Amino acid sequence: MKNLQEKSALALQALIQNGATMATAKAGQTSLNELNAAQGEITLYRSTQDKQLSLSAVIKGKRGTLALNSLEEDAVLSSAADCALSALNSQEDEAWGLAPKAEADFDQGCFTPDMDKLLMRTVELMDTIREEYPKVVVEEMTTSHTAFESVYRNSNGACFTSKGGAYAVSLMISGHEGEKTSSFNAAALSLTDLERPFIEAGALRRVLRDAEKQIHTRRLQGKFTGSVVFTPDCLSDILRELISNYASDGVLIDGTSRWKDALHTRVADPRITLSVSPLDSRLTLGERYTSEGFVSEDYRLIDHGVLNSFMLSLYGANKTSKPRALNSASSLVMEAGDQPLKDLISGIERGLLVGRYSGGAANANGEFSGVAKNSFLIENGQVKEAVSEAMIQGNLALMLQNLRGLSLETECDGSNVLPYMAVDGITISGQ
Amino acid sequence: MLQDYLYGAQKLFVPGAHSELRAQCNLTRRVTLLQGNLVANQRSQIQGVSARVYDKGSYGFASLAELSAEAAGKAIQKAGDNARFLSGHSRAHKPALPPLAKGILPPQKDFLDVPQKRYIDFAKGLDDLIARKYPGLQSRAVVISFDSMEKELLTSDGYAAHSLQPRAYLYVFLNGETQDGMPIEIFKAFGGSGSFDRRFTSPEALSEELEMLYKRLLDKQQAVELKAGLKTCILTGELAGMLAHEAVGHTVEADLVFGGSVAGHCLNKAVASPLVSMTDFASRAFGAETPLPVYVDDEGVLAQDQPLIENGILTGYMVNRVLGRHYGMEPKGNARAFLFNDEPLIRMRNTAILPGKDHLQEMIASVEDGYYLMASNNGQADTTGEFMFGITLGYEIVKGKLGRALHDTTISGVAFEMLKTVDRVSDTMDWVSSGFCGKKQPMPVGMGGPALRCQLMVGGK
C-alpha cells in the first residue's frame, strides 16, 4: 500500500506541475487466481498480477484521461505529461468538475484466497451438477479470487484507500439428451467466503433445473399480446437497457431520453421501487467512491413509481442542470412484491416466463424486439413446456407502467437483489 | 522491442512440458463527441508478459504487468507450478500434445502511433461538418477508436513470431425523429486495419458517405413496422458476414462443440443449401489480405485457412491443440488471447461465406413480398444453433422493388435450417471488422460475405 500511496501522490503532483487545475490519480494493483473447467474437468489454473494507473487532467477547461498498467516512476511521470498534453489538445467545457476534499479507508471482503478450499468447492460444484443434474453439460466454468489495493487522490484533497477481495463463480451450461440441446444459459455469483457450497447461492439451482426442462421445446406458432414474467437475472439485463436508454449521461446530454423532463413524475407503476445500492450488505464489493471523488451513497432511482433520480455523473449533471446521482455504481436492488411467484403466474392467461433475452439494443424510444431464450409458455395460470424461436416485442418505458406484479421471492447473486417481474402488453410471436 | 524481454527465456522452459511465453502490448485511443461535446478523450496502454505450461493434461498460466527477462522467468516458473498443482489433483493424466511445425516468422512492420491531437481535431472537424450540413438533426455523435495488439511469442515446440494488428475506426451516429415524434437513429462504421492516418485523410473525404447515411436517416423518418413472422429476405454482405460469424461460426468453435453445441452432431452432414460455402480465413482471401490477418496464433501454430462448410456440408471445426487432438483435426491457428494476462481461446479470425454467381439487383427483383436487410448493431449465437441479430437499416421489398424503410428490429432463426433456405448468392463480397467478438475475452474479428436470399423469422408488430 505504501508504494501505491507514493505513486498516486507522485502522479497527482506531476499532473499539477504539467498545468492541471483539476486532476485525479489512482494507483492500484490486483491479483487474480482462477480455475477454469469444461465438461467436468478443471483444465487451467491461471494466476495474474496487474497494476493500474488511471489519470485525468483538466487544463483551462479541457480534459484528458490516460490509463497504464505500470507504476514505475518514469512511467508515472511520462504518463502525467502525456495526459496533460491530451487535455491541452481537447475542447474547453466548463462542465468538468471534481468532488471536494474527503478522506476514507475502505476494507471489503476477503483479501487472501484459500486456493485449496476454492479447488474443493469447485470440484464439489462439478460433482453436484453431475449427480443431481445429469442432463446438464457445463460448457464453461470459472471460479476465482481477486484481491485488490488502490489509492485514489484528487486535486481538491480527496484521498481514499481501498483494499479487498472476493470470490467469483461463473457458469455457462446447457441441457442435453441425445442430439437435442437446450439454449445455453449462464449464472454468476460474487461471494466473500467459501463457507457454503456454491450450489446453494444465487440462482444456480434454478438455472440448472430449468436447463434440463428446456431440452425439448415447443415451437411457438402465431402472434398474440400477452404477459411476460422476467426471472431476476433476466430482469437485471432488461433494467440496465432501460437505464441506459432513459437515465444515463449520453441520452440526457443529447436530449434523446424520453424521461428528460420526467424527474419527480410518475414513470412506472407505484409498486416499483428500484434503488442503486452499492452499500447494501447483501452485495459484494460495492462501489465506495466515484471517479470524481464523491463517497458513494445508495439512492432510489424510482421510488414507488416516481422517477427520483437520473444516473448522471457530475459532468452530466453540470451539462444538463439536473441533479447528480449519489454514486456511479450499477448495483440494482428492487423491492420485492407481495405475491409468491406461483400466485403471480396463476393469474396469467397466456404469456411467457423468460429466463434470458437475446436482442438488438432498444431504439432511442425504448422499443425492443428480441428472442425469448430459456423460456416457458404460461397458459391458464400454469407453466407449461419450454418454447423455442419465440420473439417478444414491446417498449421499455411502457413495460414499467404495465406492471402485473412483483414476486415476494428475490434472488441475490452478490451484484444485484431482484424479484421476478411480470408485465402485460407484450407482443409474443412465433412462426 | 518486445522480443528483447524474452531473450534467452527458452532455457527456462520445462523439459517434457509444452510451454508458451508471450510479451504483449495493447494500445487504445478513443475520442467521443456527443452533440459537439467532447465527453471522452482517452489513451491507454496495457502490457506485460505471460506464460502457459501444459503438463500431463493440465494447463498452468501466469502473467505479470512487467516487460523484463526477470518477469518472463517468474511467469514461466509460476505457470509450471500452477500446471503441477492441477495435475497433482487430477483424476487422469493425458499424454503430450501432437507436435507442431517449428519455425520463426519475420517481424511485422511497425505503425505510426498518431498523437491524440490528431484524433481530436479530426473528430471535431467531422462533427462541425455534420452540424453544418445537417442542421435538422436531433442529435449526433462521432466516435474515433484506435486499438492495436502487438505480441512476441516464443514456444517450446511451435512457431516463434512477432505479430502486430492495429486498426482504426470512426463511428458516426445520426439521430432524428419521425413525424409522430418517435426517435430514430442510424449509424455507420468507417475504417479497417492499419493506423488512423492510413485509413483517414480528412473529414471532407467522407462527405459522400455521410450524405448517403443522412439520406437513410430521412428514409427512416417514414419507416414502417415489419410484420412479425417468417419472411423472404435479401441480406447484404455485411449481414451475411454477421450470419457466418454468429449463426455458424460460434457453433463450430470446438470448445462450444465440446460443450454440446448442435454442430457436434452435424459433421459431414448437409447443414446448408449447396450454394453455401464458408471458410475462416487466416491472412489472405480472394487474392487480397484479410481485414485482420493472423499469421501465427498464440499457441505457436502457423495459421492456415479453415474451411467450415463446403457446398452445404459441414466439414470442419475451429480447434486448438487440445481439442484438435480430441477431434482428430489439425489446428489451423485459431487460439488467440486479447490481453497479455489472458489465456489463448479458440477465436474466429476472418469468417466469410463465399460469393456465388447471382446479381444483387436481380435478387431484389425476385422477391414479391419481403425485406432487404442492410445493417446490424449486434448479434448472438446459441448452442441450439439459434442465432439473433439486431437490424438497424432495412427496406420493404414489394413486387420486386425497394419500398419504405423499416423500423429497427431483430431477426432470428436456426442456422442449419435457415441456411438450407438460401437459394441465391450474389457475386459480390463485403467485409466488416469493427467492434469486438465477445466470449470470455473480447477479440477483434473480421467477417464477410455476399448478398443472400433466404427465409428468416423477423420481430415486429
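Computed from a prediction, not measured in an experiment: that's the story for all the values here. (Residues numbered from 1 in each chain as written. Chains lettered and ligands numbered in written order. Predicted model: local features only at pLDDT ≥ 70, side-chain atom pairs only at ≥ 80, totals over all residues. Heavy atoms only, no water.)

Peer 1: Just to check I follow, could you spell out the overall build of chain A for this structure?
Peer 2: For chain A, the helix and strand inventory stands at nine helices and 20 strands. Over its C-alpha atoms chain A spans a radius of gyration of 24 Å, differing by no more than 12% from the 22 Å that the globule rule assigns to 431 residues. When its C-alpha atoms are laid out on the principal axes, chain A stretches across 70 × 55 × 35 Å. The 431 residues of chain A split such that 61% are buried. When contacts within chain A are restricted to residue pairs at least 6 apart in sequence, long-range pairs at least 24 apart make up 73% of them. When the accessible surface of chain A is summed, it comes to about 16000 Å², and 47% of that surface belongs to carbon and sulfur atoms. Across chain A, 41 positive and 55 negative side-chain charges occur, with their mean positions spaced 4 Å apart. (Helix = DSSP H or I, 4+ residues; strand = E, 2+ residues; numbered from the N terminus. Rg over C-alpha atoms; globule rule 2.2 N^0.38 Å. Buried < 20%, exposed > 50% of the residue type's maximum accessible area, 1.4 Å probe, protein only. Contact = heavy atoms within 4.5 Å. Areas by Shrake-Rupley, 256 points an atom, 1.4 Å probe, with all protein chains shown as cover. Lys, Arg positive; Asp, Glu negative; His and termini not counted. Charge placed at Lys NZ, Arg CZ, Asp CG, Glu CD.)

Peer 1: I tried to follow the overall build of chain B on my own but got confused; where do I start?
Peer 2: Counting secondary structure elements, chain B contains ten helices and 24 strands. For chain B, the C-alpha atoms occupy an extent of roughly 70 × 55 × 40 Å along the three principal directions. When burial is assessed residue by residue, chain B has 62% of its 461 residues classed as buried. Excluding contacts between residues fewer than 6 apart, the proportion of contacts in chain B whose partners are at least 24 apart in sequence is 74%. Counting only carbon and sulfur atoms, one obtains 53% of the accessible surface of chain B, whose full area is about 16800 Å².

Peer 1: Please clarify how the packing of aromatic side chains should be interpreted in this entry.
Peer 2: Two descriptors summarise a pair of aromatic rings, namely the distance from one centre to the other and the angle between the planes of the rings. Considering all chains together, one arrives at 23 aromatic pairs over all chains under this definition. Judged by centre distance (5.3 Å) and plane angle (75 degrees), the ring pair of Y317(B) and Y327(B) falls under edge-to-face. Of the two residues, Y317(B) is situated in the loop between β13 (313-314) and α8 (321-327) and Y327(B) in helix α8; the sequence distance between them amounts to ten residues. Taken together through their ring pairs, the aromatic side chains of Y119(B), F122(B), F146(B), F196(B) and F200(B) make up a single cluster. The ring centre of F111(A) lies 4.5 Å from the NZ or CZ of K163(A), which sits over that ring. (Phe/Tyr/Trp six-rings, centres within 6.5 Å; stacked < 30°, edge-to-face > 60°. Lys NZ or Arg CZ within 6 Å of the ring centre and 35° of its normal.)

Peer 1: Got a minute to help me understand the sheet that holds strand β9 (residues 278-281) of chain B in this structure?
Peer 2: Sheet strands line up and pair through hydrogen bonds in the backbone, either parallel or antiparallel. Residue and element names in this part refer to chain B. A sheet is described by the order of its strands in space; here six strands give the open sequence β13-β12-β9-β16-β23-β22, paired in mixed fashion. Sheet topology places β13 and β22 (430-432) at the edges, where each strand pairs with a single neighbour. Bridging between strand β16 (residues 350-353) and strand β23 (residues 446-449) involves three bridges; their strand directions are parallel. What sits directly across from N350, in β23, is G446. Running at roughly 120 degrees to β23, helix α6 (residues 237-249) makes contact with β9, β12 (306-310), β16, β22 and β23 of the sheet. (Pairing = 2+ DSSP bridges. Axes fitted to C-alpha atoms, helices over the stretch in contact; angles between N-to-C directions.)

Peer 1: What am I meant to see in empty space enclosed by the protein here?
Peer 2: Left-over empty space is what a probe sized like a water molecule reveals as it rolls over the atoms. Using the criterion set out here, one finds seven cavities of 30 Å³ or more in the structure. When its volume is computed, the largest cavity comes out at roughly 180 Å³. What lines the largest cavity is a set of 20 residues, among which E367(A), F368(A), S369(A), D408(B) and T409(B) lie closest to the centre. Put simply, the parts of the chain that give the lining of the largest cavity at least two residues each are β16 (367-379) of chain A together with β18 (386-398) and β20 (409-414) of chain B. Of the residues contributing to the lining of the largest cavity, the split by class is five nonpolar, twelve polar and three charged. Of the volumes computed, that of the second largest cavity is approximately 140 Å³. Forming the walls of the second largest cavity are 13 residues, and the residues nearest its centre are S163(B), Q165(B), P293(B), V294(B) and R336(B). (1 Å grid on protein atoms, 1.4 Å probe; cavity = no way out; pocket = protein on both sides within 12 Å on 5 of 7 lines; lining within 4 Å. Points joined across faces, edges and corners; volume = space filled by probe spheres on them. Nonpolar A, V, L, I, M, F, W, Y, C, P; charged D, E, K, R; others polar.)

Peer 1: It is not clear to me how the interface of chain B and chain A should be interpreted in this structure. Could you clarify?
Peer 2: How big an interface is tends to be stated in terms of accessible area lost as the parts join. With 76 residues of chain B at the interface, the matching set in chain A holds 75 residues. Taken together, both faces of the contact between chain B and chain A bury some 6100 Å²; the carbon and sulfur share is 49%. The interface formed by chain B and chain A holds nine salt bridges in total. In this structure, K94(B) engages E41(A) in a salt bridge whose closest nitrogen and oxygen atoms are separated by 2.6 Å. The interface formed by chain B and chain A holds 36 residue pairs in polar contact (both at pLDDT 80 or more) in total. Of all the elements, strand β2 (residues 37-55) of chain B adds the most residues to the side of chain B that touches chain A, at ten residues. Along the lines of polarity and charge, the residues of the side of chain B that touches chain A split into 25 nonpolar, 34 polar and 17 charged. With six bridges joining them, strand β2 (residues 41-59) of chain A and strand β3 (residues 58-64) of chain B adopt parallel strand pairing. When the bridges of β3(B) are listed, L44(A) appears paired with Y59(B). (Buried area = accessible area lost by both parts, 1.4 Å probe. Salt bridge = Lys/Arg side-chain N within 4 Å of Asp/Glu carboxyl O. Polar contact = N/O pair within 3.5 Å; in protein donor to acceptor, adjacent residues only side chain to side chain.)

Peer 1: When you look at helix α5 (residues 207-221) of chain B in this model, what are you seeing that I'm missing?
Peer 2: What sets the pattern is the α-helix's 3.6 residues per turn: residues three or four places apart point alike. Residues and elements named next belong to chain B. With 15 residues, α5 extends 21 Å between its outermost C-alpha atoms, agreeing within 8% with the 21 Å of an ideal straight helix rising 1.5 Å per residue. Within α5, the full set of buried residues consists of L210, L213, Y214, R216, L217, D219 and K220. Lining the buried residues of α5 we find α3 (116-133), β6 (159-177), β7 (183-193), β17 (369-380), β18 and β19 (401-405). (Expected span 1.5 Å × (residues − 1).)

Peer 1: Just checking my understanding: could you explain the pattern of salt bridges for this structure?
Peer 2: Side chains bearing opposite charge may pair, as long as their charged atoms lie close to each other. Tallied over the entire structure, the rule returns 54 salt bridges over all chains. The partner of E6(A) in a salt bridge is K2(A), with the nearest N and O atoms 3.2 Å apart. Taken together, the residues E6(A) and K2(A), both in helix α1 (residues 2-17) and four residues apart, mark about one turn of the helix. The residue K133(B) makes a salt bridge to E211(B) at a minimum N-O spacing of 3.6 Å. A residue pair is termed long-range when its members are at least 10 positions apart, and K133(B) in helix α3 and E211(B) in helix α5 qualify at 78 residues. Residue K133(B) is classed as partly exposed on the basis of its relative accessible area of 37%. Bridged by salt links that share partners, the residues E34(A), R46(A), D342(B), E343(B) and K440(B) form one connected network.

Peer 1: Got a minute to help me understand the side chain of S182(A) in this structure?
Peer 2: Structurally, S182(A) is set in the loop between β7 (180-181) and β8 (185-191). Among the polar contacts made by the side chain of S182(A), one reaches the main-chain amide nitrogen of G175(A) at a distance of 2.7 Å. Those residues in contact with S182(A) that sit more than four places away from it in its chain are S174(A), G175(A), A211(A), Q214(A), I215(A), T383(B) and T384(B).

Peer 1: I keep staring at the confidence of the model for chain B and nothing clicks. Help me out?
Peer 2: Note that predicted coordinates carrying low pLDDT should not be read in detail. Confidence in the prediction of chain B, expressed as mean pLDDT, is 93, and 99% of residues score 70 or more. Across the interfaces of the predicted complex, the ipTM metric reaches 0.92, alongside a pTM of 0.93. (pLDDT = per-residue confidence, 0-100.)

Peer 1: Looking at this structure, I do not really get α3(B). What am I missing?
Peer 2: The terminal C-alpha atoms of α3(B) lie 26 Å apart, and with 18 residues this matches the ideal 26 Å at 1.5 Å per residue to within 8%. Among all positions of α3(B), only Q116(B), Y119(B), I120(B), F122(B), A123(B), L126(B), D127(B), L129(B) and I130(B) are buried.

Peer 1: Just to check I follow, could you spell out the environment of A161(B) for this structure?
Peer 2: Residues and elements named next belong to chain B. Within the secondary structure, A161 sits in strand β6. Judged by relative accessible area, which is 8%, A161 ranks as buried. C-alpha of A161 to C-alpha of G229: the two residues are 68 residues apart in sequence and 50 Å apart in space. Apart from the residues within four sequence positions on either side, A161 is in contact with L105, K151, E152, L153 and V296.

Peer 1: For this particular structure, what's the right way to read the state of the cysteines?
Peer 2: Note on terminology: disulfide describes a covalent bond linking the sulfur atoms of two cysteines. Residue and element names in this part refer to chain A. Here the structure, examined in full by the defined rule, presents zero disulfides over all chains. In this structure C234 is a free cysteine whose sulfur lies 18 Å from that of C412, the closest cysteine sulfur available. A residue is classified by how much of its surface remains accessible, and C234, at 1% relative accessible area, is buried. (Disulfide = S-S within 2.5 Å.)

Peer 1: What is the right way to look at the nonpolar core in this model?
Peer 2: Proteins that are soluble and globular tend to have nonpolar side chains buried together. All names here are of chain B. Core analysis: the biggest nonpolar cluster contains 55 residues, and L243, L373 and L419 have the highest contact counts within it. Those elements that place two or more of their residues in this core are β8 (229-235), α6, α7 (254-258), β12, β17, β18, α10 (415-418) and β24 (452-458). Broken down by element, this core gets its largest block of residues, seven residues, from α6. With sequence-adjacent residues up to four places away left out, L373 is seen in contact with C233, I234, L235, T236, L239, I391, L393, G394, L406, I411 and L456. (Core = buried A, V, L, I, M, F, W, Y, C linked by side-chain atoms within 4.5 Å.)

Peer 1: I would appreciate a short explanation of the pairing of strand β12 (residues 299-303) of chain A in the present structure.
Peer 2: Residue and element names in this part refer to chain A. Two elements, strand β11 (residues 274-276) and β12, share three bridges in a ladder whose sense is antiparallel. Paired with S275 across the bridge in β12 is R300. Bridge count between β12 and strand β13 (residues 306-307): two bridges; the pairing is antiparallel. Bridge pairing in β13 places I302 opposite L307. Between β12 and β13, which follow one another and run antiparallel, lie two residues, and H304 among them has a positive phi close to 50 degrees.

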